[in-house]
Amino acid sequence: MSIVNELIYGKGYKVLPISNLKLFNKLRSLFLKRMGFKDIKVLRKNIATMSNGEVNKLMINLLSFNKASEMMADSCKDIISKLCGREILVQRRLNTIFNLPGKEQRRQWPHYELMSGISPFTFVLWAPLHDLDDEGGVYYYEQKNSLNIIKYEQKKGLVNSPIILEMMHNKKPTKLKYGEVIVFNPFILHGNVGFNSNLARIACSVRFQSKFKPLFQKNTDFFKYYKLT
Ligand SMILES: [Fe+2]
């Protein structure tokens, strides 16, 4: 099945190789440099024992890294151009996500991206900055099942029903290797589970859509025009 069909009519998500890994490696190197580290494993180990406040402080170092979203888009330009063409609206700032191991750490609530006000024409790229060897990844719920839950909640007038809360415990994250990316549509329910490790999980994500599709609540404060190189 083609990426377009898989993303729109099929499962709604797909794991794919990052075609320009050289550029993605550069993105990771620049990210490490701004964080003051040379090695991703050393950074992960340090972050694993930090308080949330310390992690926030570290993230301030990324404020000047404002070319990261274009770099990620260009690293995956074959995927983006198949879904949206070369003229896109891309999230201004790449999201960098740190997940700390341990039962008490915050977990991403099961959600779908449309909840945050992006348009139904938006897609998300999510890639770890290292291999995912433990449960420190994200689980994804196939489109058919995601839509059934969304419709069920809408019919019952519920938000975060027991079905959603159960997902926080019984889902298995998708194992990705460094150099792979998952692309998913904004209707796919996803979240993460607690995990045990002495290393934190670091990943990045970026949202994009065709410039010819309408924007809804998220406007040009959130997106910028970009033409893939
Ligand atoms: Fe999300």
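For the structure, check the block above.
I will try to describe carefully the structure that is included in this document.

Basis of the calculations
Residues numbered from 1 in each chain as written. Predicted model: local features only at pLDDT ≥ 70, side-chain atom pairs only at ≥ 80, totals over all residues. Helix = DSSP H or I, 4+ residues; strand = E, 2+ residues; numbered from the N terminus. Buried ≥ 20, exposed ≤ 12 C-beta atoms within 10 Å, placed from the backbone. Contact = placed C-beta atoms within 7 Å. Pairing = 2+ DSSP bridges. Core = buried A, V, L, I, M, F, W, Y, C linked by C-beta atoms within 7 Å. Expected span 1.5 Å × (residues − 1). Arc of directions from axis to C-beta. Axes fitted to C-alpha atoms, helices over the stretch in contact; angles between N-to-C directions. Parallel < 35°, antiparallel > 145°, perpendicular 65-115°, else oblique. Left-handed = near helix turned anticlockwise from the far one by under 90°.

The helix and strand tally for the protein chain stands at eight helices and nine strands. When the backbone C-alpha atoms are referred to their principal axes, the protein chain occupies close to 50 × 45 × 35 Å. Counting all 229 residues of the protein chain, 31% fall into the buried class. Within the protein chain, contacts between residues at least 6 apart in sequence are counted, and of these 88% link residues at least 24 apart.

Before going further, it helps to spend a moment on the pairing of strand S2 (residues 87–91). Counting buried positions along S2 gives four out of five residues, so the element sits mostly inside the fold. Bridge count for S2 against strand S9 (residues 223–227) is five bridges, and the pairing is antiparallel. Paired with Val 90 across the two strands is Lys 224, which belongs to S9. Judged from the three bridges that link them, S2 and strand S8 (residues 201–210) form a sheet pairing that is antiparallel. For Ile 88, the partnering residue across the bridge sits in S8 and is Ser 210.

Counting residues in each nonpolar core, the largest one holds 45 residues, and the members touching the most others are Met 72, Ala 73, Leu 125, Val 183 and Phe 208. Not counting residues within four places of it along the chain, the set of residues in contact with Ala 73 comprises Ile 80, Ile 88, Val 90, Val 206, Phe 208, Tyr 226 and Leu 228.

Take helix H2 (residues 21–35) next. Here H2 is 15 residues long and its end C-alpha atoms lie 21 Å apart, about the 21 Å a rise of 1.5 Å per residue gives. Within the sequence span of H2, burial applies to Phe 24, Leu 27 and Phe 31. Taken end-on, H2 shows its buried residues confined to a sector of 50 degrees, consistent with a single buried face. With respect to the buried face of H2, the exposed residues turned more than 90 degrees away are Lys 22, Ser 29 and Lys 33.

If you check which residues of helix H6 (residues 77–84) are buried, you get Ile 79, Ile 80 and Cys 84. Take H6 and look down its axis: the buried residues cluster within an arc of 95 degrees, on one side only. Buried positions along H6 lie against helix H1 (3–8), strand S1 (13–17), helix H5 (68–75), S2, strand S6 (180–184) and S8. Residue Gly 85 follows H6 closely and has a positive phi angle near 85 degrees.

Right, let's get into the packing of H2 against H5. Axes are the key here: two packed helices are described by the angle between their axes and the distance separating the axes. Relative orientation of the contacting elements H2 and H5 amounts to 155 degrees, with a least axis distance of 8 Å. Here H2 is positioned roughly antiparallel relative to H5, judged by the angle of their axes. Of the two possible hands of crossing, H2 and H5 adopt the one that is left-handed. On H5, the residues touching Leu 23, Phe 24, Lys 26 and Leu 27 of H2 are Ala 68, Met 71, Met 72, Asp 74 and Ser 75.

Here we come to the environment of Val 42. Tracing the sequence through the fold places Val 42 in helix H3 (residues 40–48). Residues Val 42 and Leu 199, spaced 157 residues apart in sequence, show a C-alpha to C-alpha distance of 8.7 Å.

What follows deals with the environment of Asp 74. Secondary-structure assignment places Asp 74 in helix H5. The exposure class of Asp 74 is partly exposed, given the 19 C-beta atoms found within 10 Å. Excluding residues that lie within four positions of it along the chain, Asp 74 makes contacts with Asn 20, Leu 23, Leu 228 and Thr 229.

All right, on to the environment of Ile 164 then. Looking at where Ile 164 falls in the secondary structure, it is placed in helix H8 (residues 162–170). For the pair Ile 164 and Ile 149, spaced 15 residues apart in sequence, the C-alpha to C-alpha distance is 8.1 Å. Each residue touching Ile 164, except ones within four places of it in the same chain, is listed here: Pro 110 and Ile 149.

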